[in-house]
Amino acid sequence: MDWHKLTAWKDIFSYRQKVFLLVAGGVIVGLTFLFLYLLRMHTYIAGDDPAACVNCHIMTPYYATWSRSSHGRDATCNDCHVPNGNIVAHYGFKGIDGMKHVAYFVTRAEHQAIRAETASAEVIMDNCIRCHRQLNTEFVKTGRIDYMLAKRGEGMACWDCHRNVPHGGMNALTSTPNAESQVPIPPSPVPQWLQKMMGGR
């Protein structure tokens, strides 16, 4: 292997171009990490705390109703909304779905009334069945049905009957005084000096 060929790239750029590329690369990497920090990406990736979901303001009523539902005692957001069969599926889905949510939020394309897309609905129903397997197979004997069967009309989705169970229904906000005021809204990640520089926003 010719060492001169491997190091030939050094001769392509002048010293100033190398410095510019190094600085530009540093700025791009730094801004990327700042963007991920401001999005609180670490709370989604590393944790399992449902409070991470209210980093996005539109999730506030969903967090409030979940925390007052029967599922609020025993299940986190990831227990229901992310595949739990293996670690690759878990983090793969979480990453793709999370970036999709970021794209919706940054472009302001999110719906005010959130509904699960097909991929999410499949995951949610699989998790319903996983947690309630004994109930489905031994007690009420509904057997195993998945979301795609329900979508084809060969059965019903869990939420066709139990729509208000996991989040207590949006009516729970009106029946529980000050429900939204008890949601752990995170403080702004923007430092005070930067807020002042931006005019106190």
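Values in this document were obtained by computation on a predicted structure and should not be read as measured data.

Draft legend 1. Region of the structure containing the packing of aromatic side chains. For the coordinates displayed, the defined rule picks out 1 aromatic pair. Consider the rings of tyrosine 63 and tryptophan 66, whose centres lie 5.4 Å apart with planes at 55°: the pair is tilted. Here tyrosine 63 and its partner tryptophan 66 are both found in helix 5 (residues 60-67), 3 residues apart, which amounts to about one turn of the helix. Relative accessible area serves as the criterion here: at 12%, tryptophan 66 is assigned to the buried category.

Draft legend 2. Examining helix 8 (residues 87-106) more closely. The end-to-end C-alpha separation of helix 8 is 28 Å, in line with the 28 Å expected for 20 residues at 1.5 Å each. Here helix 8 has its buried residues at His90, Phe93, Lys94, Asp97 and Val102. Projection of helix 8 onto a plane perpendicular to its axis shows the buried side chains occupying an angular sector of 165°, all on one side. Of the exposed residues in helix 8, those oriented more than 90 degrees away from the buried face are Val88 and Ile96. Arginine 108 lies just past helix 8 and shows a positive phi near 55°.

Draft legend 3. Expanded view of the nonpolar core. Counting residues in each nonpolar core, the largest one holds 7 residues, listed as Ala121, Met125, Ile129, Ile145, Tyr147, Ala150 and Ala157. Counting residues per element, this core draws most heavily on helix 9 (residues 118-131), at 3 residues. Leaving out residues up to four positions away in the same chain, isoleucine 145 has contacts with Met125, Ile129, Ala150, Glu154, Gly155 and Met156. Grouped together as the second largest cluster of nonpolar side chains are 5 residues, Val54, Tyr63, Trp66 and Val183 included.

Draft legend 4. Fine view of a nonpolar patch on the surface. Taken together, the side chains of Tyr15, Val19, Val23, Val27, Leu31, Leu34, Tyr37 and Leu38 define a hydrophobic patch exposed on the protein surface, amounting to about 780 Å² of accessible area. Counting through the fold element by element, leucine 31 comes out in helix 3 (residues 15-38).

Draft legend 5. Structural view of helix 9. Here helix 9 is 14 residues long and its end C-alpha atoms lie 20 Å apart, about the 20 Å a rise of 1.5 Å per residue gives. As for helix 9, its buried residues are in contact with helix 7 (77-81), helix 8, helix 10 (133-139), helix 11 (147-151) and helix 12 (158-162).

Draft legend 6. Region of interest: the pattern of salt bridges. Scanning the entire structure with this criterion turns up 2 salt bridges. Between lysine 100 and aspartate 97 there is a salt bridge whose closest N-O contact spans 3.7 Å. Here aspartate 97 and lysine 100 lie together in helix 8, a separation of 3 residues that amounts to about one turn. The shortest N-O distance in the salt bridge between glutamate 117 and lysine 100 comes to 2.9 Å. Taken together, the residues glutamate 117 in the loop between helix 8 and helix 9 and lysine 100 in helix 8 connect sequence positions 17 residues apart. Overall, the relative accessible area of 35% leaves glutamate 117 in the partly exposed class. A residue is classified by how much of its surface remains accessible, and lysine 100, at 27% relative accessible area, is partly exposed. One salt-bridge network, in which partners are shared between bridges, spans Asp97, Lys100 and Glu117.

Draft legend 7. Broad picture of the environment of arginine 68. Mapped onto the elements of the fold, arginine 68 is located in the loop between helix 5 and helix 6 (71-74). Overall, arginine 68 belongs to the partly exposed group, its relative accessible area being 31%. For the pair arginine 68 and proline 166, spaced 98 residues apart in sequence, the C-alpha separation works out to 9.3 Å. There is a polar contact of 3.2 Å between the side chain of arginine 68 and the backbone oxygen of alanine 64.

Each value, and the rule that gives it
- Residues numbered from 1 in each chain as written.
- Predicted model: local features only at pLDDT ≥ 70, side-chain atom pairs only at ≥ 80, totals over all residues.
- Heavy atoms only, no water.
- Phe/Tyr/Trp six-rings, centres within 6.5 Å; stacked < 30°, edge-to-face > 60°.
- Helix = DSSP H or I, 4+ residues; strand = E, 2+ residues; numbered from the N terminus.
- Buried < 20%, exposed > 50% of the residue type's maximum accessible area, 1.4 Å probe, protein only.
- Expected span 1.5 Å × (residues − 1).
- Arc of directions from axis to C-beta.
- Core = buried A, V, L, I, M, F, W, Y, C linked by side-chain atoms within 4.5 Å.
- Contact = heavy atoms within 4.5 Å.
- Patch = residues over 30% accessible without salt bridge, like charges linked within 9 Å, V, L, I, M, F, W, Y side chains within 5 Å.
- Areas by Shrake-Rupley, 256 points an atom, 1.4 Å probe, with all protein chains shown as cover.
- Salt bridge = Lys/Arg side-chain N within 4 Å of Asp/Glu carboxyl O.
- Polar contact = N/O pair within 3.5 Å; in protein donor to acceptor, adjacent residues only side chain to side chain.

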